Amino acid sequence: TESEIVVGIARSADLTNALTCKFLSFVDDSSTKRALELDKQRDTIAKQGRDCLHKHAKLELARLEAAGTAVAEAVAVLLEVAKSRAQLAALGVTPEHEEAYAMGSVPDRRDVRR
């Protein structure tokens, strides 16, 4: 009969509505869990990135300090050469004179490493 058809359609509509609500709830829960997982992954990756950047910065700083030390040593040797030449010139000895180098009075600037 007609009323049975209407009741059947109403039940179908109610069941469809209930299943749709359950499905939306499931999708919402799943997307929330996935969003939390992605947030956690993003935080982990950001921390790893910061740690790697910090480590890299420390290594670069150590490398620059080592280069600075090498430069300071080279400058000190060059200043010593200049000072020795000036002292020898004041005594009337030219630095090109081979005996000055043989005596060790004048450091050789060619001994400076690059």
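Provided above is the structure to which this section pertains.
Residues numbered from 1 in each chain as written. Predicted model: local features only at pLDDT ≥ 70, side-chain atom pairs only at ≥ 80, totals over all residues. Heavy atoms only, no water.

A count of helices and strands for the chain gives two helices and zero strands. Every one of the 114 residues in the chain was classed for burial, and the buried ones make up 8%. For the chain, the exposed surface amounts to about 9,900 Å²; the carbon and sulfur share of it is 62%. (Helix = DSSP H or I, 4+ residues; strand = E, 2+ residues; numbered from the N terminus. Buried < 20%, exposed > 50% of the residue type's maximum accessible area, 1.4 Å probe, protein only. Areas by Shrake-Rupley, 256 points an atom, 1.4 Å probe, with all protein chains shown as cover.)

Further remarks concern a nonpolar patch on the surface. Taken together, the side chains of Phe23, Leu24, Phe26 and Val27 present a nonpolar region at the surface, about 420 Å² in accessible area. Structurally, phenylalanine 26 can be placed in helix α1 (residues 2–90). Owing to a relative accessible area of 54%, phenylalanine 26 belongs among the exposed residues under this scheme. (Patch = residues over 30% accessible without salt bridge, like charges linked within 9 Å, V, L, I, M, F, W, Y side chains within 5 Å. Salt bridge = Lys/Arg side-chain N within 4 Å of Asp/Glu carboxyl O.)

Okay, α1 next. A rise of 1.5 Å per residue sets the reference length of α1, with its 89 residues, at 132 Å; its end C-alpha atoms lie 128 Å apart and thus fit the reference within 8%. Taken together, the buried positions of α1 are occupied by Ala74, Val81, Ser84 and Leu88. Just downstream of α1 lies glycine 92, where phi reads positive at about 90°. (Expected span 1.5 Å × (residues − 1).)

Now for the pattern of salt bridges. In the structure shown here, the tally under the stated rule is four salt bridges. In this structure, arginine 63 and glutamate 60 form a salt bridge, with 3.0 Å as the shortest nitrogen-oxygen distance. A residue pair is termed a helical-turn pair when its members lie 3 or 4 positions apart in one helix, as arginine 63 and glutamate 60 do in helix α1 at three residues. A residue is classified by how much of its surface remains accessible, and glutamate 60, at 29% relative accessible area, is partly exposed.

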